[in-house]
Every structure is written in C-alpha cells, then in structure tokens.
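Each chain, letter by letter, is given below.
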Amino acid sequence: MSKSTSSTIELVNKNLKKRYRAEKRFRAYGILSIGFGLLCLVVLFTDIIGKGHGAFTAHYVQIEVTLNASTLDIRDATDPEQLALADYQGVVKEALRTRFPEVTGRSDRRSLYALVSNSAGFAVQDILKADPTKLGSTVSLWVLVDDDVDTYAKSRDDAEPFIGRLSEKQIEWVETLIASGEIKSRFNRILFTNGDSREPEMAGIRGALLGSLYTLLVTLVLSFPIGVAAAMYLEEYAPKNRFTDFIEVNINNLAAVPSIIFGLLGLAIFINFFEMPRSLPLVGGLVLTLMTLPTIIISSRAAIKSVPPSIRQAAYGLGASKMQVILHHVLPLAMPGMLTGAIIGMAQALGETAPLLMIGMVAFIVDLPGSITDPATVLPVQIYLWSDSPERAFTERTSGAIMVLLGFLILMNTVAVLLRRKLERRW
Amino acid sequence: MTTTSGIQDVPVNGTVGEPFVDSAKLSMRNVNVFYGEKQAIFDVSLDIGSNEVIAMIGPSGCGKSTFLRCLNRMNDTIEGCRVVGSLNLEGEDIYGAKLDVVPLRARVGIVFQKPNPFPKSIYENVAYGAKIHGLVSKRTELDEIVETSLQKAGLWNEVKDRLDAPGTGLSGGQQQRLCIARTIAVSPEVILMDEPCSALDPIATAKIEELIAELSENYTIAIVTHSMQQAARVSNRTAYFHLGKLIEVNETEKVFTNPDHQLTEAYITGRFG
C-alpha cells in the first residue's frame, strides 16, 4: 500500500514539470495574441496620426489690405447688393502686389496671386460687412494660404519637401514670407467650421459631422425603442413555437447580412417606393435603423435573459403583473446590457459607408445641414470622398477626419462603459 | 441499501392519517401536476387549516415544492407545467378561469429557498408589494407598513438606521427576513415557505424559526423543509411526500414519534432521504 502511494507521488512529481510548462505555454499564447493586437493598433494609430496631425494646423499669411473703394467697386458701403458683388479678390491682389513690388509681368503676378487661398476675398468681405465704415482704410489680416503652399510649408523641414505645383519663384516668395514671420502655422479652425469644398484649404468636416449626428439621432430614436420592444416581446411574451423560432433565425441572419444589402433595400423602399429625396439624414437613419436593429435585438435579448430568475419569481410571488415585473425589475436590470448593445450598434452605424452610398449620401454637399431633411453626407463617406481626391492636402485631411471619427468612436464606447458602470446593480 | 429500495417500492394506496380538517383555509382534492409528459404529483388531497403551520417533508424530488407552488400558481411561470384537480382558497377555485393571479398572490405570499431581495434599497424592497397593489395613498402610510413589516420580521432594529442601503448588502439571514417582511407587507392570509432556511446558517435559521412561530398567530403557513428537526420544531401538522404522492398527514408529534405509514417511518429514521 505504502509502496504504491509513493510511486503515485513520484509519477505526479515527474509529470509536474511538464504540466507547468504546458501551463506557461498556454498563457504565452494569450499574451502573444494580445501583443499582436496591440502592435496592429499601434501601427494603425501611428500611421493615421502621422499622416493626419497636419490637418489640424493650417498656414496663414498676413496681408495689409487697403479697402480701396474704386478697386472694390463700391460706392455705397451700406448697400448689401454692392457689398455682395464687390471685387474683394482685387484688393487682396493689390495687397500682394504692394508686398512684392518687384514682381511685374502677367504670369509672374498670376503665380504670386496663387499663393493666397480663394477664401481671402471672403475674409475681406466679412470685415466690410461687419463694419462698413472701414471702407477706404487699411487693415491687416491673416488669410489662408493656398493648399500647395500649406503643404510645402508643412514639409519644408523634411528631407524632401513637397513642392507639387509650386514654381521656384513661388517657393522663394514663400520662404521670404516665412522668414519675415508673415506666414505662420495656426490651428485649423476651418476644418471644424466648414463643410466640404473643392479647395482643400477650405474643406472642413462640420457638414459631415452634423450629417452623422442627424443620421445617428434618427437611428437611435428609431432603433432603440423598436429593438428593446421586440426583444422584450420575444423574451417575455412570445410563445415558443415554429413561428418564433423562424423569427429568431431570421434576426440572427439579418445581423450578418452585408450592410450594402440594407442600402439597396433602403434605395428600393424609401427612395423608389416612398419617393423620399436622396441624400437625407432621415433616409440614412432609416436605413441604418434596419441595419442596427438585429444587433440591438440580439444584445437586448441576451441582457433580458441574464436577469436572474429569482428576481422575477420574487416579483411574481408578491403579485406583480407581468408588465410590472418587466417594467420594474427586468428592464432596469437589463438596461446596462441593452444600452451597451445599442451603443455598439450606434458605433457600427457611425462607421457605416456602404448603405449610405446607395441612398445618395455620397453627394458633394457644401452647405451645412440644418435638420434631418437637409441633404448631407456623413463622416465615413466624407473620408471616402477625400481619399479619392488628387490634391496632396486632402490626404492629410482624410487622416484628420479619420482621427475625428476614431475620437467619436472612443467617446461613444467610453460613454457606454460609464453608463454601464453607473446603471449596473449587483445582487 | 437493499432494504431501502424495498421500502421505496411499498405500494401506496392513498394517504394515511388525517389529511382533512374542519375549517380549511386551503383545500386541495385530487391534485395532479405534470411537467410536459412527466407527472410530478399524483392525486394529492390535503387541507390546510386556518392559522396552522403545516410542514411538508420528503426526499428530494418528491414534489413537495411543486405542490407548494401550486397554491399561489407560481407554477404558471414554468413552461409546460399543467395542474389538474381542485384547489380552493376559502371556496374560491385557485385554478378557476375567473380567478386573477394578482390578488391571489397578494393573499397567498411566498418566500423562496434562496433569499432574493430586489437590487433596491431595504425600504423599496418592503414597500414594493404595497405600492403595486395600491394599498397606500400617502408616504406616511407606506412608512408605517414598512416599519411594522420589518418589525414583524424581526429585522427593524437591525436596519432602521439604513433603510436606504441596498437590500442585497445584508447578510443571508437578514436578506431572508427581509424577504419575509416583503411578503407580509402585502398582508397575505397564507405564507408559503419553500425551504426558507436551507441557504442559512444555524443561528439565522433559529431566528427564522422563532419568526415562524410568531407569525403563525396571524397567518396560515405552509413550509417545505428538508430538515426534519425544523419540521418538528415549527409545525402543527406534517405532511410526508414520497415520489409525488402524499403518503401521510398527521399531527407533527405523531408523525415523528409514531407514524402510521412505514415509508414515513423509514424516512424519519433516516433509512433514506
């Protein structure tokens, strides 16, 4: 007896090292996977931030503009029509000529004018609109440089500065202005205040952001109540039969359907059949509702299922009706899970492009949308559009927009975590 | 071991002892319960008198909990559960088409095996039943119900300073007394207890047993228990269930000293369980 015991222990000891080795290996696999994931994340972020950080600054040039009435062709500064039609670009050009008096010749002057963004005229117009008495005076203001100049100024410290379409003379002027402090890098407010534009230096993501916001609002308002109600019915009321099994299988299937199919469905139903206009956040929201509903229903059902049966029993035992059990106990306890599901669904909807292309939210829209029925585009579609543009300056704006989108996703997920923590009750 | 199976195979022809009483609060006749195809309760007939404590004992899976849960239709929530037979609460058919389970459960409360307070405050736990049944109209009346219920459950002195604390933060025994307070806050006539002490330590168990004795003055109590000592301590009558059949019902003292049926004797002497 004692002999067999000792040999058992010997056997155990002999195998012990092997077991610990296997255990270590097992753990190492997990660490390796996490490491790989983190590496991918770091590469992604480095790439995007490396390319996109430039989008958050822009170069401005200081010009002394004389608001010359005759150049502007304004006789009466109080007349809005005259203010609207005045030749503001003319005074900007005049200012540039004054700054570089040595530049003569038609083509040289034209390339000098090209240093400043077309938006300079609007900046001058804004000054006059705000204060018509400024007519005739000289004002000093900072205006955007052209996107090529901006890109050059950002890359001039690199080994190989990006020259693009700039001529040698233009580079010389730019260098002069930088040296004298008349070209400076500033925070790119335009990116957050403007809609899309063909001119990269004037292009912003506000239109797309608002579009995304309106679209998500519609999606949330529709998909959360519908999803929760559907999940509640299926979990609490629906009889278990072939028909509900069929519904369940189909909901699970819908969750896996490629999003472009929902776009085609939206195109067929909302636009072709109901004849709604294209490019609306309303239609986009409806399409994304169709897309996120399965996700919300599935996660809500899981959340409802995870409410301990003892709580239901307790409530039923006290004589609560079914609705009271659901409203007072099941839904509050399932709420954190349902909200998490909803926010994951929303995050998915925020990043969705394909279905929105189908319903025309890919259009080039400059105006900022004011409501869910104004044509708009959304952030991911804006990224898609910019990534297609040839100008170098759009490349960094693409990455910049991606950073903003990622920022919003992180924000939403943080809110989801915080909400869950706040609402979660222990039992 | 062979004797055990021998005893378990003893044919059962109806219930021995005195299953019926004169002034029955609850009276059940020929109750059969099915879970899908499987029959869990066979032809059980039993009366529960007013203000008595009746203990239901028997080996695991004998159907005593199932039977208890029929009395306030808690079995309704179980899929595929079917109850056949006549069950009456003061002459009202518990499974009748006209009966509404909501008032039924207000009259017949239940305390479960595992303490299951709501993840809310102590106050909210006790007040919940009164609130949903609309028993009170003013906050002060609600306060009063909460206080008297907690007092009756012997918990008031321990929790009066922290009524806003979560009910789930109490100890197991306190939680169970909270559940009892929650049940009596609705002023039921009958309290069903489904192994209320099986998750508790001996001290908490003793407190609950004391409480049962006090409550029996005002309430009719049916208690399912695995502990024969507990049955002997708290109950007036004891019903012994075996494989879904009601074998014997007698005065508790008689059951534990001189049972009529040999199965009961085998069980209380520990020959199987």
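These figures come from a predicted structure and were not determined experimentally.

A. Representation of the overall build of chain A in the model. Within chain A, the regular secondary structure consists of 18 helices and three strands. Over its C-alpha atoms chain A spans a radius of gyration of 31 Å, topping by over 25% the 22 Å that the globule rule assigns to 427 residues. In terms of its C-alpha atoms, chain A occupies a principal-axis envelope of roughly 110 × 65 × 35 Å. Counting every position in chain A, which comprises 427 residues, the buried fraction comes to 43%. Across chain A, the fraction of contacts at a sequence separation of at least 24, relative to all contacts at a separation of at least 6, is 76%. Total accessible area on chain A stands at roughly 22800 Å², and carbon and sulfur atoms take up 62% of it. In chain A, 42 positive and 40 negative side-chain charges are present, and the distance between their average locations comes to 17 Å.

B. Spatial organisation of the packing of helix α7 (residues 147-155) of chain A against helix α18 (residues 392-423) of chain A. Residue and element names in this part refer to chain A. Where α7 contacts α18, the axes come no closer than 8 Å and their chain directions differ by 70°. Classified by the angle between their axes, α7 and α18 sit roughly perpendicular to one another. Contact with α7, carried on its side by D147, D150, T151 and K154, involves R392, A393 and E396 of α18 and no other residues of that element.

C. Up close: the interface of chain B and chain A. The interface of chain B with chain A comprises 24 residues on the first partner and 19 residues on the second. With both sides pooled, the region where chain B packs onto chain A buries about 1700 Å², and carbon together with sulfur makes up 62% of that total. Counting across the interface, chain B meets chain A through six residue pairs in polar contact (both at pLDDT 80 or more). Broken down by secondary-structure element, the contributors of at least two residues to the side of chain B that touches chain A are α3 (101-107), β7 (108-111), α4 (122-132) and α7 (172-184) of chain B. Looking at the side of chain B that touches chain A residue by residue, the classes come out as eleven nonpolar, eight polar and five charged.

D. Summary view of the packing of aromatic side chains. Taken as a whole and judged by the stated rule, the model has nine aromatic pairs over all chains. Pairwise contacts between aromatic rings join F56(A), F187(A) and F192(A) into one cluster. Seen from the ring of Y237(A), K322(A) lies directly overhead, with NZ or CZ sitting 5.2 Å from the centre. Seen from the ring of F42(B), K245(B) lies directly overhead, with NZ or CZ sitting 5.2 Å from the centre.

E. Representation of the pattern of salt bridges in the model. Residue and element names in this part refer to chain B. Scanning the entire structure with this criterion turns up 27 salt bridges over all chains. Measuring nitrogen to oxygen at the nearest pair gives 2.8 Å for the salt bridge that ties D47 to R29. Placement of D47 in strand β3 (residues 38-49) and of R29 in strand β2 (residues 24-35) is noted, with a sequence separation of 18 residues between them. What makes R29 partly exposed here is its relative accessible area of 28%.

F. Seen up close, the pairing of strand β9 (residues 220-224) of chain B. Residues and elements named next belong to chain B. Within β9, five of the five residues are buried, which leaves it mostly tucked inside the rest of the structure. With burial as the criterion, each face of β9 is covered, one bearing T220, A222 and V224 and the other bearing I221 and I223. Of the strand pairs in this sheet, strand β4 (residues 53-57) and β9 are connected by four bridges, and their pairing is parallel. Its bridge partner being in β9, I54 is matched across the sheet by A222. Here strand β8 (residues 190-194) runs beside β9; their pairing, made up of five bridges, is parallel.

G. Quick look at the pairing of strand β1 (residues 57-66) of chain A. In this structure, β1(A) lies alongside strand β3 (residues 183-187) of chain A, joined through five bridges in antiparallel fashion. Of the residues in β3(A), the one forming a bridge with Y60(A) is K184(A).

H. Seen up close, the domain arrangement of chain A. Residues and elements named next belong to chain A. Here chain A is described as being made up of domain 1 (56-188) and domain 2 (206-423). One C-alpha centre belongs to domain 1, the other to domain 2, and the line joining them spans 45 Å. Taken residue by residue, the interface counts seven residues in domain 1 and eight residues in domain 2. Buried surface at the junction of domain 1 and domain 2, both sides included, amounts to about 580 Å², of which 60% is carbon and sulfur. Across the contact surface, domain 1 and domain 2 share one salt bridge. Residue E396 pairs with K154 through a salt bridge whose shortest N-O separation is 2.6 Å. The interface formed by domain 1 and domain 2 contains one residue pair in polar contact (both at pLDDT 80 or more).

I. Structural context of helix α13 (residues 281-305) of chain A. A rise of 1.5 Å per residue sets the reference length of α13(A), with its 25 residues, at 36 Å; its end C-alpha atoms lie 34 Å apart and thus fit the reference within 8%. Of all bends in α13(A), the biggest is about 40°, found at T292(A), and the proline P294(A) comes one to four residues later.

J. Structural detail: the sheet that holds β8(B). All names here are of chain B. Reading across from one edge, β1-β11-β10-β4-β9-β8-β7 is the order of the seven strands in this open sheet, with mixed pairing throughout. The open sheet is flanked by β1 (16-17) and β7, the only strands paired with a single partner. Across the sheet, α7 touches β7 and β8, and the angle it forms with β7 is around 170°.

K. Broad picture of a nonpolar patch on the surface. Together, I34(A), L38(A), L41(A), L44(A), F45(A), I49(A) and I410(A) make up an exposed nonpolar region whose accessible area comes to about 630 Å². For the nonpolar patch, the leading source of residues is helix α1 (residues 2-52) of chain A, giving six residues.

L. Inspection of unusual backbone geometry at higher detail. Residues and elements named next belong to chain B. Of note, D43 is a non-glycine position whose phi angle comes to about 50°, a positive value. As for its position among the elements, D43 is in strand β3. Of the residues examined, D43 reaches a relative accessible area of 47% and is grouped as partly exposed. Positive phi outside glycine occurs at L243, with the angle close to 50°. Here L243 falls in the exposed class, since its relative accessible area comes to 55%.

How each quantity is defined
- Residues numbered from 1 in each chain as written.
- Chains lettered and ligands numbered in written order.
- Predicted model: local features only at pLDDT ≥ 70, side-chain atom pairs only at ≥ 80, totals over all residues.
- Heavy atoms only, no water.
- Helix = DSSP H or I, 4+ residues; strand = E, 2+ residues; numbered from the N terminus.
- Rg over C-alpha atoms; globule rule 2.2 N^0.38 Å.
- Buried < 20%, exposed > 50% of the residue type's maximum accessible area, 1.4 Å probe, protein only.
- Contact = heavy atoms within 4.5 Å.
- Areas by Shrake-Rupley, 256 points an atom, 1.4 Å probe, with all protein chains shown as cover.
- Lys, Arg positive; Asp, Glu negative; His and termini not counted.
- Charge placed at Lys NZ, Arg CZ, Asp CG, Glu CD.
- Axes fitted to C-alpha atoms, helices over the stretch in contact; angles between N-to-C directions.
- Parallel < 35°, antiparallel > 145°, perpendicular 65-115°, else oblique.
- Buried area = accessible area lost by both parts, 1.4 Å probe.
- Polar contact = N/O pair within 3.5 Å; in protein donor to acceptor, adjacent residues only side chain to side chain.
- Nonpolar A, V, L, I, M, F, W, Y, C, P; charged D, E, K, R; others polar.
- Phe/Tyr/Trp six-rings, centres within 6.5 Å; stacked < 30°, edge-to-face > 60°.
- Lys NZ or Arg CZ within 6 Å of the ring centre and 35° of its normal.
- Salt bridge = Lys/Arg side-chain N within 4 Å of Asp/Glu carboxyl O.
- Pairing = 2+ DSSP bridges.
- Domains from an automatic or database assignment.
- Expected span 1.5 Å × (residues − 1).
- Bend = angle between axes of the 7 residues up to and from the residue.
- Patch = residues over 30% accessible without salt bridge, like charges linked within 9 Å, V, L, I, M, F, W, Y side chains within 5 Å.

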